[in-house]
Amino acid sequence: MKFWNEKFETMSEDEMRKHQLECLKKTLKWVYERVPFYKNKFDDTGFKPEDLKKLEDLGKLPFMVKTDLRDNYPFGLCAVPLSQVVRIHASSGTTGKPITGPYTQNDLDQWTECMARNLYAAGVRSNDICQNSYGMGLFTGGLGFHQGATRIGCAVIPISSGQTERQIVIMQDFGTTVLFSTPTYALTIAERAEEMGVKLRDLPLRVGVFGAEPWTIEMRKEIEARMGIKAMEAYGLTECGGPGTAFDCVEQSGLHLNEDHFIAEIIDPVTGDVLPYGTKGELVFTAIQREAFPVIRYRTRDITTLRREKCSCGRTLLKMDKIYGRSDDMLIIGGVNVFPSQVESILLDVKEVEPQYVLIVRKKGYLDQLHCDVEAKPETYEAGPQKISEIEKMIENKIRGMIGIGIKIRLVPPKSITRSEGKAKRVIDERKL
Ligand code: ADP
Ligand code: ZN
């Protein structure tokens, strides 16, 4: 079969909207009757669930933000009694106190369905041996991938992240065909394999499904080349259940949203205005098939663009561009907005350096200054200070030309930047230390 769920993955826009409206009506009534937070918020705006006549009416509801979730930690937003909850996850806490995600059995099934579609679109099939190197535990990545791959019928190796040498040995011994991890951990594995003299391209490994953090197309190509695999993508967040909210297909030109489960909007992060498809802005989700914790107009802080376009894979599901980054990670340097991913794109095209870098924001007088430490390739480093300084200047000029900002590049010795086993921390803000 071509799709995991042909009916929903190839549904016409009209039918999808009908389906969404029906589910949305149910969800609004569900949360209004069960969660005081929603009742109060709806009442404040004079909105009753029965007032929802068309999908656009969703725009009358207020947004939810991360602090709403933190203020109601741990179970204040849970719409079912804890006796009906069968699982509790929490976010990684990348930007502060983690948030909780309670699930009913139906929620686990809903999430697993989304994840199975994601993996199936990545080419994962029941005869695959999947090495799951996402952190297993409270973080949704590990169990999300585990459930999706198990639903497809794969043999799953729940190795979790870390113990990189062992990952490579298992890969060889068990004949792993598919790897699940963050993109940065994939790179760490690839590098360790090279050091151990193991040629990943000669192993049965053929696909990776990577996500949980922003990564550029250049990073994808780097991983594909170093591992000899096809690198596919998964996107999701604890607030929507975990990975599987959106996924890419063979076209690798943006991610399909599971829009029968999640209604997506793009807003202007400053004014909160809803923006038309094709415009870059902040992604907002409403979960329409979840029970314990259905978010309504949740501001993700992730920046992307939505597109309604035909995809050669045959799916009709709305597409979103690769995430540019989180609004929290956006830097303003000399009046120019910069995402770490823009710098990453340029660094990865420089053959003298490794794809290992960290951005540091410092204050000089009244001005914010952006610094970037990037690892030199061993041969670059050995070529001496003059060569190093030439390359630093060359990268600085490239960045000035392409992004329009001044940046101070420093080539650091090989292997001097800490390797990540999960989500990489790309920005150190010394102004906040
Ligand atoms: P935390 O916000 O604490 O990291 P989660 O573990 O729930 O919480 O991670 C969800 C976030 O991870 C998303 O909101 C997004 O910023 C990021 N993310 C997940 N998948 C991707 C992806 N494929 N590309 C870019 N960012 C991603
Ligand atoms: Zn497609």
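In short, a report on the structure. If you're wondering where the values come from, they're calculated on a predicted model, not measured in any experiment.

Criteria and thresholds
- Numbers given for residues are sequential positions, taken from 1 along each chain in its written order.
- Following the order in which they are written, the chains are lettered starting with A and the ligands numbered starting with 1.
- A pLDDT threshold of at least 70 governs which residues receive local features in this predicted model, and a stricter bar of 80 or more applies before side-chain atom pairs are shown or counted, although totals over entire chains, interfaces and linings include all residues.
- Calculated side-chain values reflect all of the structure's heavy atoms, with hydrogen atoms and water omitted.
- Donor selection uses N, O and S atoms within 2.8 Å of the metal (3.2 Å for Na, K and Ca). Since no water is included, sites may look incomplete.
- Under the classification used here, a metal with four donors is tetrahedral if each angle lies between 85 and 135 degrees, square planar if opposite donors are over 155 degrees apart and the others between 65 and 115, a six-donor metal meeting that same test is octahedral, and anything else is irregular.
- For the exposure calls, accessible area comes from a 1.4 Å probe over protein chains only, and a residue counts as buried if that area is under 20% of its type's maximum, exposed if over 50%, partly exposed in between.
- Only the six-membered ring of Trp is used, alongside the rings of Phe and Tyr, when aromatic pairs are assigned; centres must lie within 6.5 Å, and planes under 30 degrees apart are stacked while those over 60 apart are edge-to-face, with the rest tilted.
- Numbering of helices and strands runs from the N terminus; a helix is a DSSP stretch of H or I covering at least four residues, while a strand is a stretch of E covering at least two.
- Starting at the helix axis, one direction is taken to each C-beta atom, and the arc is that of these directions.
- Any two cysteine sulfur atoms lying within 2.5 Å of each other are counted as a disulfide.
- To be near a molecule or strand, a residue needs just one of its heavy atoms within 4 Å of it.
- Here a polar contact is recorded for every N or O atom pair within 3.5 Å, except that within protein the pair must consist of a potential hydrogen donor and a potential acceptor, and residues adjacent in sequence are included only if both atoms are side-chain atoms.
- Here the open area of atoms and residues is found with the Shrake-Rupley method and a 1.4 Å probe, where only the protein chains shown may cover a residue.
- Any residue outside Ala, Val, Leu, Ile, Met, Phe, Trp, Tyr, Cys, Pro, Asp, Glu, Lys and Arg is labelled polar, Gly included; the first ten of those are nonpolar and the last four are charged.
- Two strands pair under a simple rule: DSSP has to find at least two bridges between them.
- Axis angles are defined between N-to-C directions and span 0 to 180 degrees, where every axis is a line fitted to C-alpha atoms and, for a helix, only to the segment in contact.
- Pairs of residues are marked as contacts when any of their non-hydrogen atoms sit within 4.5 Å.

1. A word on the coordination of the zinc ion (ligand 2)
Okay, step 1: Donor atoms from the polypeptide that coordinate the zinc ion (ligand 2) comprise C249 (SG), H256 (NE2), C311 (SG) and C313 (SG), at 2.1 to 2.3 Å from the metal.
Okay, step 2: What the 4 donor atoms of the zinc ion (ligand 2) show is an angle range of 103 to 113° at the metal, which sorts the shape as tetrahedral.
Okay, step 3: Of note, the zinc ion (ligand 2) draws all its donor residues from one chain, in the sequence arrangement C-x6-H-x54-C-x1-C. C313 shares its class with C311; the two are buried.

2. Some words on the packing of aromatic side chains
Okay, step 1: Scanning all chains against the criterion turns up 12 aromatic pairs.
Okay, step 2: Geometrically, the ring pair formed by Y32 and F42 is stacked, given 5.8 Å between the ring centres and 25° between the ring planes. One end of the pair, Y32, is in helix α2 (residues 13-34); the other, F42, is in helix α3 (residues 36-44), and 10 residues separate them in sequence.
Okay, step 3: Residue class for Y32 comes out buried when judged on its relative accessible area of 13%.
Okay, step 4: When the centroid spacing of 6.4 Å and the interplanar angle of 40° are considered together, the rings of Y235 and F285 count as tilted.

3. Brief notes about the side chain of E396
Okay, step 1: Note that E396 resides in helix α12 (residues 385-403).
Okay, step 2: Overall, the relative accessible area of 7% leaves E396 in the buried class.

4. Here we look at α3
Okay, step 1: Within the sequence span of α3, burial applies to F37, Y38, K41 and F42. All buried residues of α3 project into a common sector of 120° when viewed along the axis, lining one side. In α3, those exposed residues whose orientation departs by more than 90 degrees from the buried face are P36 and D44.

5. Things to note about the state of the cysteines
Okay, step 1: All chains considered together, the criterion is met by 0 disulfides.
Okay, step 2: C78 takes part in no disulfide bond, and the closest cysteine sulfur, belonging to C240, lies 16 Å away.
Okay, step 3: Using a relative accessible area of 12% as the deciding quantity, one classes C78 as buried.

6. A word on the site of ligand 1
Okay, step 1: Every one of the 20 residues lining ligand 1 counts as a neighbour, but S92, G93, T94, T238 and D302 are closest to it.
Okay, step 2: Residue D302 places a side-chain N or O atom 2.6 Å away from an oxygen atom belonging to ligand 1.
Okay, step 3: In isolation ligand 1 offers 560 Å² of accessible surface; the protein chains occlude 98% of this area.
Okay, step 4: Considering every element that reaches the shell around ligand 1, the biggest residue donor is strand β7 (residues 230-237), with 5 residues.
Okay, step 5: Looking at the shell around ligand 1, its residues break down into 7 nonpolar, 7 polar and 6 charged.

7. Focus: the sheet that holds strand β19 (residues 407-412)
Okay, step 1: Across the sheet, which stays open at both edges, the 4 strands sit in the order β19-β18-β17-β20 with mixed pairing between neighbours. Each of the sheet's edge strands pairs with one partner strand only, and the pair in question is β19 and β20 (427-429). Looking at each pair of strands side by side, their axes are set apart by 20° on average, direction ignored.
Okay, step 2: Summarising the sheet, strand β18 (residues 367-376) and β19 pair through 6 bridges and their orientation is parallel. Bridged to V374 within β19 is L411.
Okay, step 3: Where helix α10 (residues 340-347) meets the sheet, its contacts fall on β17 (353-364), β18, β19 and β20, and the angle it forms with β17 comes to roughly 140°.
Okay, step 4: This element, α12, spans β17 and β19 of the sheet and lies at about 145° to β19.

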